[in-house]
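These are the residues of each chain, in order.
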Amino acid sequence: MNIFRLAGDVSHLVAILILLMKIWSSRSCAGISGKSQVLFALVFTTRYLDLFTVYISAYNSVMKVVFLALSYATVYLIYMRFKNTYNSENDTFRVEFLLIPVIGLSFLENYAFTPLEILWTFSIFLESVAIMPQLFMITKTGEAESITTHYLFFLGLYRALYIANWVWRYHTEGFFDQIAIVSGVVQTIFYCDFFYLYVTRVLRGKGKMSLPMPV
């Protein structure tokens, strides 16, 4: 494992922990898209179905369990424990516009036409767009708390580091995963504008990041 892969995994874990700590400490999930969190739970579920059938390493197995547990814990807090604080009226992104194309692509573009491989491909494609309900929610409300933007920053950093990981692996191992790389690049592009706003507004000390209101 190279440093970019490890740093990417750590950034991913930090992002999820930031979100969980925000919800738990404030006893509120205001400003958080439950739809995005359900999509991420679906990503981990379909990607890690091989947890009990394929052993790669102790690190790999532990991280799979951790991400599954944390993703479902987040969904539980939003829709059960603190559901009264969930801002559903602003979480209105039509997820079927993501799921239908992703399902179709998973059947058309995969490395093997088997259930596990199709579901793995589905998880890769879905992860690249799963954050869109959250970004849509921020755009709709016009602002985001700094703790939420920290979560998004580390999530975007995780994808950027994974691109570096793939570049490193290509030059050192000749490894090239077209599906994962293209999806990762697409996902990182979604964060580009956010990264600019994060650096220019949040890191300058503002409590919230204000965005242009939709027309």
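Being a predicted model, the structure only gives us computed values, none of them experimental.

(A) Broad picture of unusual backbone geometry. In this structure, Arg27 is a non-glycine residue whose phi angle is positive, near 55 degrees. You can see Arg27 is positioned in the loop between helix H1 (3-26) and helix H2 (34-47). Residue classification places Arg27 among the partly exposed residues on the basis of a relative accessible area of 41%.

(B) The arrangement of the environment of Thr148 in detail. Among the secondary structure elements, Thr148 is positioned in helix H7 (residues 146-173). Taking relative accessible area as the criterion, Thr148 reaches 2% and is therefore assigned buried. Setting aside chain neighbours within four positions, we find Thr148 in contact with Lys22, Gly31 and Gln134.

(C) Representation of empty space enclosed by the protein. Going through the model one piece at a time under the given rule, you end up with 1 cavity of 30 Å³ or more. As for the largest cavity, its lining consists of His12, Ile16, Gln37, Phe40, Phe44, Ser71, Thr74, Tyr151 and Leu155. Listed by contribution, the elements that provide at least two residues to the lining of the largest cavity are H1, H2, helix H3 (58-81) and H7. Of all the elements, H2 adds the most residues to the lining of the largest cavity, at 3 residues. Partitioning the lining of the largest cavity into residue classes produces 5 nonpolar, 4 polar and no charged.

(D) Broad picture of the packing of H2 against helix H5 (residues 115-129). Orientation of H2 relative to H5, taken along the N-to-C sense of each, is 150 degrees, at an axis distance of 8 Å. Considered as vectors, H2 and H5 are oriented roughly antiparallel to each other. Helix-helix and strand crossings are classified by hand; for H2 and H5 the assignment is left-handed. Where H2 abuts H5, its residues Leu39, Phe40, Leu42, Val43, Thr46 and Arg47 lie against Leu119, Trp120, Phe122, Ser123, Ile124, Leu126 and Glu127.

(E) Region of the structure containing the layout of surface pockets. Computed from the structure, the largest pocket encloses a volume of approximately 950 Å³. Along the wall of the largest pocket there are 33 residues; nearest its centre are Arg5, Arg47, Asn60, Trp120 and Tyr162. Elements with a contribution of two residues or more to the lining of the largest pocket: H1, H3, H5, H7 and helix H8 (178-200). Top element by residues in the lining of the largest pocket is H7. It accounts for 8 residues. Taken together, the residues that form the lining of the largest pocket break down as 14 nonpolar, 9 polar and 10 charged. Its volume calculated, the second largest pocket comes out at about 240 Å³. The wall of the second largest pocket is formed by 13 residues, among which Leu105, Phe125, Ile179, Val182 and Ser183 lie closest to the centre. Contributing elements (two or more residues each) for the lining of the second largest pocket: helix H4 (96-108), H5 and H8. Ranked by the residues each element gives to the lining of the second largest pocket, the list is headed by H8, at 5 residues.

(F) Representation of the UniProt feature "transmembrane region" (unreviewed entry) in the protein. Look at the UniProt record and you will see "transmembrane region" (unreviewed entry) annotated at residues 62-80, 118-138, 150-168 and 180-199. What you have in residues 62-80 is 100% helix and 0% strand, and the ends, taken at the C-alpha atoms, are 26 Å apart.

(G) Quick peek at the nonpolar core. With 45 residues, the main nonpolar core has Ile23, Phe44, Ile131, Tyr151 and Leu155 as its most contacted residues. Phe44 has contacts with His12, Ile16, Phe67, Leu68 and Ser71, leaving out every residue within four places of it along the chain.

(H) Spotlight on the side chain of Ser61. By the element assignment, Ser61 lies in helix H3. When its relative accessible area of 17% is taken as the criterion, Ser61 is described as buried. Residues in contact with Ser61, not counting those within four places in the same chain, are Leu51 and Tyr55.

(I) Quick look at the packing of aromatic side chains. On inspection of all chains with the given rule, the structure shows 12 aromatic pairs. Summarising the aromatic geometry, the rings of Phe153 and Phe154 are spaced 5.5 Å apart at their centres and angled 80 degrees between planes, so their arrangement reads as edge-to-face. Overall, the relative accessible area of 21% leaves Phe153 in the partly exposed class. Ring geometry for Tyr158 and Tyr162: centres 5.2 Å apart, planes at 70 degrees, overall edge-to-face. You can see Tyr158 and its partner Tyr162 sitting in helix H7, 4 residues apart, about one turn around the helix.

Cut-offs used in this document
Residues numbered from 1 in each chain as written. Predicted model: local features only at pLDDT ≥ 70, side-chain atom pairs only at ≥ 80, totals over all residues. Heavy atoms only, no water. Helix = DSSP H or I, 4+ residues; strand = E, 2+ residues; numbered from the N terminus. Buried < 20%, exposed > 50% of the residue type's maximum accessible area, 1.4 Å probe, protein only. Contact = heavy atoms within 4.5 Å. 1 Å grid on protein atoms, 1.4 Å probe; cavity = no way out; pocket = protein on both sides within 12 Å on 5 of 7 lines; lining within 4 Å. Points joined across faces, edges and corners; volume = space filled by probe spheres on them. Nonpolar A, V, L, I, M, F, W, Y, C, P; charged D, E, K, R; others polar. Axes fitted to C-alpha atoms, helices over the stretch in contact; angles between N-to-C directions. Parallel < 35°, antiparallel > 145°, perpendicular 65-115°, else oblique. Left-handed = near helix turned anticlockwise from the far one by under 90°. UniProt positions renumbered as here; feature names shortened; annotations may be inferred. Core = buried A, V, L, I, M, F, W, Y, C linked by side-chain atoms within 4.5 Å. Phe/Tyr/Trp six-rings, centres within 6.5 Å; stacked < 30°, edge-to-face > 60°.

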